[in-house]
Amino acid sequence: MRPGDRAVALASVVGGFLLGFLDFCWIKWLPYPFAELGNSTATWAVAAFFFGYWVRSGWLRSALGAAVLLVVAVPSYYLAAALLQGDDLAVLWAPSSLVWMFFGVLAGVVFGTGGTWARGEGWRQVVGVALPAAVFFEEAARFAGKATDPDHGAAVWWNVGIDVALGLLIVVLTGGSPRRRALAVAVAVPLAGAILVSFAVAGQIFS
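Residues numbered from 1 in each chain as written. Predicted model: local features only at pLDDT ≥ 70, side-chain atom pairs only at ≥ 80, totals over all residues. Heavy atoms only, no water.

1. Examining the nonpolar core
Nonpolar side chains tend toward joint burial in soluble globular proteins.
Part 1: One finds W44, L70, F111 and V135 to be the most contacted residues of the largest nonpolar core, which totals 44 residues.
Part 2: Every element with two or more residues in this core is listed here: helix 1 (5–29), helix 2 (41–55), helix 3 (59–85), helix 4 (95–117), helix 5 (122–145), helix 6 (156–174) and helix 7 (178–206).
Part 3: If we skip the residues at most four places from it in the chain, W44 touches L19, G20, D23, G38, L70, A73, V74 and Y77.
Part 4: By size, the runner-up hydrophobic cluster in this structure holds five residues, among which are A140, F143, V156 and V160. (Core = buried A, V, L, I, M, F, W, Y, C linked by side-chain atoms within 4.5 Å. Buried < 20%, exposed > 50% of the residue type's maximum accessible area, 1.4 Å probe, protein only. Helix = DSSP H or I, 4+ residues; strand = E, 2+ residues; numbered from the N terminus. Contact = heavy atoms within 4.5 Å.)

Quick look at the structure:
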């Protein structure tokens, strides 16, 4: 059953608050390597995807709702940091927070729309299912690049395995037929490369 507009609006705000607050708790109290899932852009992007998947229809509702979800999650995360470990509340409106909110809008629109597409048919469904897998594959590639870094070491291969497994699990859960799942994984690989390049460019711009 498709949720109504009020339900979507409420879920985007409440869900965003819970995402940010619980994400900080996850990082603070869960052990490595699982704690890294809290400190993960992929996790937030996939939250936007599943928001759109829950909305079911109407890509604009999904995009707007998912964008609000991620924007609200940013100050909620820093509020948790202030309450639970005494961080300065001023970080809520710091320039770095505004940058993360900007990226939240972009990710919310893309992955929220992808969640709705995953419920559809044809090439849109394939791309929609591929998006969350791609963002986990991209993160796995970044972890793999750290494996030779003395500051990280071979332990990061746990993170690579977790990210790849989660990407494949989402494809299995949302991809439908075996053929569509295989197509989604095939599409996710070049999408992961595109996301990797996008992060590199964004890092240069905002560094």
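2. Here we look at unusual backbone geometry
Part 1: The backbone of R56 shows a phi angle near 80°, a positive value even though the residue is not glycine.
Part 2: Mapped onto the elements, R56 comes out in the loop between helix 2 and helix 3.
Part 3: What makes R56 partly exposed here is its relative accessible area of 35%.

3. Side note on a nonpolar patch on the surface
Part 1: There is a patch of nonpolar side chains on the surface, built from L10, V13, V14, F17, L18, L22 and V68 and spanning about 600 Å² of accessible area.
Part 2: Sorting elements by how many residues they give to the nonpolar patch places helix 1 first, with six residues.
Part 3: Mapped onto the elements, V14 comes out in helix 1. (Patch = residues over 30% accessible without salt bridge, like charges linked within 9 Å, V, L, I, M, F, W, Y side chains within 5 Å. Areas by Shrake-Rupley, 256 points an atom, 1.4 Å probe, with all protein chains shown as cover. Salt bridge = Lys/Arg side-chain N within 4 Å of Asp/Glu carboxyl O.)

All we've got here are geometric facts, nothing functional implied.
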